[in-house]
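Structural features, examined
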Amino acid sequence: MLAIVTVLTVTSSLAVVPADAATLLRAPGARGRSPVGSRPLAAERIKTRLSMNVPDRLVVGDRVPVTGRLEQQDRDGTWAPLARKQLDLQFNRSTSPDWNTIAAPVTDADGYYSVQVPIVENGAWAIDFADDPVNLPDDYYGYEMSYAGTNVRQVTHRTSISGFNAAPEPAGLGGTIRASGTVMFTMADGTKKPSGGATVRLQFSTDGKTWKDRAAQSPGGDGRFAIDVKAERDGYWRTRVPDDDGYLVVPSVSGADYVDVRYRTHIHQFNASPEPVKKGAAITVKGLLYRYMPAGRPGPGAPVSIYFKAKGSSNWTGVAVVKTASNGWFGKRFKASKDGYWTAVYKGSSAYLRSNQPADYVDVR
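Residues numbered from 1 in each chain as written. Predicted model: local features only at pLDDT ≥ 70, side-chain atom pairs only at ≥ 80, totals over all residues. Heavy atoms only, no water.

Side note on the overall build of the chain
When helices and strands are tallied, the chain shows zero helices and 29 strands. In the chain, buried positions account for 42% of the 365 residues. Across the chain, the fraction of contacts at a sequence separation of at least 24, relative to all contacts at a separation of at least 6, is 62%. Total accessible area on the chain is roughly 19,200 Å²; 48% of this is exposed by carbon and sulfur atoms. (Helix = DSSP H or I, 4+ residues; strand = E, 2+ residues; numbered from the N terminus. Buried < 20%, exposed > 50% of the residue type's maximum accessible area, 1.4 Å probe, protein only. Contact = heavy atoms within 4.5 Å. Areas by Shrake-Rupley, 256 points an atom, 1.4 Å probe, with all protein chains shown as cover.)

Shown next, in the form of structure tokens:
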């Protein structure tokens, strides 16, 4: 740093320069000192040094201590505390070129200072002494300016996971479960904002106690994630934002969502016939129920509900419940009375998913 010092032949190191010898001085910091004008100016200013300590971990929304010490150099070269002096603590947001004063701590009898500051966002801190001390006592001009600072410091965000859901519920064995939600960052004012960048890990547990990672994803800027995994067994799903992927976050975990995985079913070869049919004649409704466990095989002894909806109506009416034979087939005969639609529904069980077929229209003449 470059310090401009006015040297006079004087008997005291703090001799004062007459007002008409005023000189424009500039501190070595980023801010220039205003003209001294009629202020007293020391012929030889006392050297000072300043330290600053900022905690390593800076969590948005916290208040942390910024501490340090101000010292002056005595005539014999030793450093001693400089007490009861006001300092200027400034912060520079990484998104702005401007430095702004956020505190003016005063040193104690041993030259130490400590001040609590809010953590808002990424940025740098700097503290200085005697850099253009406007509105401070004249003796401040008798000291050389000193400062301490940091590079841009990265902050850590508290996280949470909003709207987590694992679906469908229940899910078919071998099908897809989608886990979705939004990662939220807690801001300095306590509000929560969707944010991307941090990794989301999808975890699975059979008992809700022991968890294993199953997949991971990095959400976009809106914080949303949607992770697809294969449905293999009943269990609990949750997501976790970890702090071990290089992104500065406080870890968080979503609530758990239980998904019941059941065998899929399907009704094959469904048909209502003949088409068309004479009024009063017989209509046969039949089909084949398959269960996938995971390979497809006929589903014997399963109840299948048969429904009819007359042409022009919006209501389905249950007309029979039949059980499948040992080969999975089912069938039922009905008297043809009016035009309409026929369908069959297997309503599922604790082990099997529901299934139904598109309706089959029969014209009754």
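Some thoughts on the environment of Lys 311
Among the structural elements, Lys 311 can be located in the loop between strand S24 (303–310) and strand S25 (317–323). With relative accessibility at 56%, the residue Lys 311 sits in the exposed group. It is 9.5 Å that separates the C-alpha atoms of Lys 311 and Val 362, two residues lying 51 residues apart in sequence. Beyond its immediate stretch of four places on either side in the chain, Lys 311 contacts Asp 339, Gly 340 and Tyr 361.

Observations concerning the pattern of salt bridges
Per the stated rule, a full pass over the model turns up 13 salt bridges. With a shortest N-O distance of 4.0 Å, Arg 224 and Asp 222 are connected by a salt bridge. A relative accessible area of 60% places Arg 224 in the exposed class. Of the charged contacts, one joins Asp 363 and Arg 365 as a salt bridge, the two residues approaching to 2.9 Å between their closest N and O atoms. Salt bridges linked by common partners bring Arg 49, Arg 69 and Glu 71 together as one network. (Salt bridge = Lys/Arg side-chain N within 4 Å of Asp/Glu carboxyl O.)

As for the sheet that holds strand S4 (residues 88–93)
Read from one edge to the other, the open sheet built from four strands follows the order S5-S4-S7-S8, with strand pairing classed as antiparallel. Either end of the sheet is taken by a strand with one partner, and the two such strands are strand S5 (100–103) and strand S8 (146–149). Neighbour-to-neighbour, the strand axes of this sheet turn through a mean angle of 30°, independent of strand direction. Where S4 and S5 come together, three bridges link them in antiparallel fashion. (Pairing = 2+ DSSP bridges. Axes fitted to C-alpha atoms, helices over the stretch in contact; angles between N-to-C directions.)

Quick notes on the environment of Tyr 140
Within the secondary structure layout, Tyr 140 lies in the loop between strand S7 (123–129) and S8. Overall, the relative accessible area of 5% leaves Tyr 140 in the buried class. Taking C-alpha positions, Tyr 140 is 9.6 Å from Arg 45, a pair spaced 95 residues apart along the chain.

Comments concerning unusual backbone geometry
Here Ala 167 and Pro 168 are connected by a cis peptide whose omega angle stands at 5°. In the segment running from Ser 273 into Pro 274, the intervening peptide bond is cis, with an omega of 0°. Relative to the assigned elements, Pro 274 resides in the loop between strand S21 (264–273) and strand S22 (282–292). Even without being glycine, Arg 84 reaches a positive phi, approximately 55°. The topology assignment puts Arg 84 in the loop between strand S3 (79–81) and S4.

Quick notes on the confidence of the model for the chain
When pLDDT is averaged along the chain, the result is 88; 88% of the residues meet or exceed 70. The low-confidence segment residues 1–37, where pLDDT is below 50, has 65 contacts with residues more than four positions distant or belonging to other chains. (pLDDT = per-residue confidence, 0-100.)

Focus on the packing of aromatic side chains
To describe a pair of aromatic rings, you give the distance between the ring centres and the angle between the ring planes. Within this structure, the stated rule accounts for ten aromatic pairs. Judged by centre distance (4.7 Å) and plane angle (50°), the rings of Phe 204 and Trp 237 are tilted. You can see Phe 204 sitting in strand S13 (residues 200–205) and its partner Trp 237 sitting in strand S16 (residues 235–241), a full 33 residues away along the chain. Residues Tyr 263 and Tyr 352 carry aromatic rings whose centres are separated by 5.5 Å and whose planes lie at 40° to one another, so their mutual orientation is tilted. Of this pair, Tyr 263 sits in the loop between strand S20 (261–262) and S21 while Tyr 352 sits in the loop between strand S27 (340–346) and strand S28 (355–356), and the two are 89 residues apart along the sequence. Each residue in the set Phe 129, Tyr 140 and Tyr 143 is aromatic and connected to the rest through ring pairs, giving one cluster. The cationic tip of Arg 264 hangs over the ring face of Tyr 292; the distance from NZ or CZ to the ring centre is 5.1 Å. (Phe/Tyr/Trp six-rings, centres within 6.5 Å; stacked < 30°, edge-to-face > 60°. Lys NZ or Arg CZ within 6 Å of the ring centre and 35° of its normal.)

Focus: the side chain of Glu 121
Position of Glu 121 among the secondary structure elements: in the loop between strand S6 (112–118) and S7. A polar contact is formed between the side chain of Glu 121 and the side chain of Thr 95, at a distance of 3.3 Å. (Polar contact = N/O pair within 3.5 Å; in protein donor to acceptor, adjacent residues only side chain to side chain.)

Concerning the nonpolar core
General note: in soluble globular proteins, nonpolar side chains tend to be found buried as a group. Grouped together as the largest cluster of nonpolar side chains are 27 residues, with contacts concentrated most on Met 52, Val 66, Leu 89, Trp 125, Ile 127 and Phe 129. At the level of elements, strand S2 (63–73), S4, S6 and S7 are the ones that each hand at least two residues to this core. Aside from chain neighbours lying at most four places away, what touches Met 52 is Val 66, Thr 67, Gly 68, Leu 89, Tyr 113, Trp 125, Ala 126, Ile 127, Ala 148, Gly 149 and Thr 150. Ranked by size, the runner-up nonpolar core spans 23 residues in total, among them Val 304, Phe 330, Tyr 352 and Val 362. (Core = buried A, V, L, I, M, F, W, Y, C linked by side-chain atoms within 4.5 Å.)

With respect to the pairing of S22
Bridging between S21 and S22 involves eight bridges; their strand directions are antiparallel. Bridge assignment links Arg 264 to a residue of S22, and that residue is Tyr 292. Of the strand pairs in this sheet, S22 and strand S26 (residues 329–335) are connected by seven bridges, and their pairing is antiparallel. Among the inter-strand pairings, Ile 283 is bridged to a residue of S26, identified as Phe 334. The antiparallel hairpin formed by S22 and strand S23 (residues 296–298) contains three residues in its connecting segment.

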